[in-house]
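# Structural features, examined
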Amino acid sequence: MESVTLSALEHYAYCPRQCALIFLEQVWQENGHTMEGRIMHESAHDSSSRLRDGVKIVTDLELNSERLGLHGRADVVEFQRQGGIWRPYPVEYKKGRPKQGCDADKVQLCGQALCLEEMLNVSLTEGALFYGQTRRRLTVKFTEALRCRTEEVARAVHELLEQGRTPPPEQKNGCGACSLKELCLPELASLRAADYVQQLCGENE
Ligand code: SF4
């Protein structure tokens, strides 16, 4: 199985079309949101491993799962010594605030946890998402339901990339904040072709 990047899980969980546009059609549009996010990720990676209050902090850690065909990098993994072993605790940095009604960030974090479990032969109970806008950490429990959802998304991403077909646009709540909305044009999804032409002609009169 060919390995896919963990960030594809986040994009797919947000919107399968967004994932296809980025990973099949190599479409990307930097805007204010994505630029802030990129800067935040870069600043999370600007220091090397260090020890703070008995916690070993490792940044930009390479991750891999043979079982799920995933690879990527973790912004920060904190290692806490428990029962004689260093137990990993992944922390993913996000700009903005938690997205209501969308589990994409949690799915990406859980994907990191599944990689760490396989790489280090440990079991993780939780990790955290740090949001730049609220400057707060949100604890994420790696429940059975979240693990199943993450594995399901990983399988769906592999299928999408193997089939090579981009799903059509579909107007939904996430479209407003989507970095690809100018290219995707989800508002056309509900229009018939004839209505679209009519609209264009009307605008040009
Ligand atoms: S604009 Fe909407 S349908 Fe299009 S890629 Fe973004 S979220 Fe998906």
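Described in the following lines is the structure provided in the data block. Please read these numbers as outputs of a predicted model, since none were measured by experiment.

### Here we look at the site of the ligand
If you check the shell around the ligand, you find 14 residues, and the closest are Cys15, Gln18, Cys175, Cys178 and Cys184. Among the elements of the structure, α2 (16-23) and α6 (181-184) are those that each provide at least two residues to the shell around the ligand. Sort the elements by how many residues they give to the shell around the ligand and α2 lands first, with three residues. Residues of the shell around the ligand, tallied by class, amount to eight nonpolar, two polar and four charged.

### Re α2
Those residues of α2 that fall on the buried side of the exposure criterion are Arg17, Gln18, Cys19, Ala20 and Leu21. The inward-facing, buried residues of α2 abut α1 (6-14), α5 (144-163) and α6.

### Some thoughts on unusual backbone geometry
Located in the positive-phi region is Gln26, a residue other than glycine, with phi close to 50°. Turning to its location among the elements, Gln26 is positioned in the loop between α2 and α3 (32-44). With a phi close to 55°, Leu185 is a non-glycine residue in the positive phi region. Considering the arrangement of structural elements, one finds Leu185 in the loop between α6 and α7 (193-204). Note on Leu185: 13 C-beta atoms within 10 Å, which makes it partly exposed.

### A word on the pairing of strand β4 (residues 70-82)
With two bridges joining them, strand β1 (residues 4-5) and β4 adopt parallel strand pairing. When the bridges of β4 are listed, Val4 appears paired with Leu70. Where strand β3 (residues 55-65) lies against β4, ten bridges are found, and the strand directions are antiparallel. Paired with Leu63 across the strands is Gly72, a residue of β4. Between β3 and the antiparallel strand that follows it, β4, lie four residues; Gly69 among them carries a positive phi value of about 65°. Sheet topology note: the β4/strand β5 (residues 85-94) ladder contains seven bridges and is antiparallel. Paired with Val76 across the strands is Val91, a residue of β5. What sits between β4 and β5 in their antiparallel hairpin is a turn of two residues, with Gly83 showing a positive phi close to 55°.

Reading the values: the criteria
Residues numbered from 1 in each chain as written. Predicted model: local features only at pLDDT ≥ 70, side-chain atom pairs only at ≥ 80, totals over all residues. Near = placed C-beta within 6 Å. Helix = DSSP H or I, 4+ residues; strand = E, 2+ residues; numbered from the N terminus. Nonpolar A, V, L, I, M, F, W, Y, C, P; charged D, E, K, R; others polar. Buried ≥ 20, exposed ≤ 12 C-beta atoms within 10 Å, placed from the backbone. Contact = placed C-beta atoms within 7 Å. Pairing = 2+ DSSP bridges.

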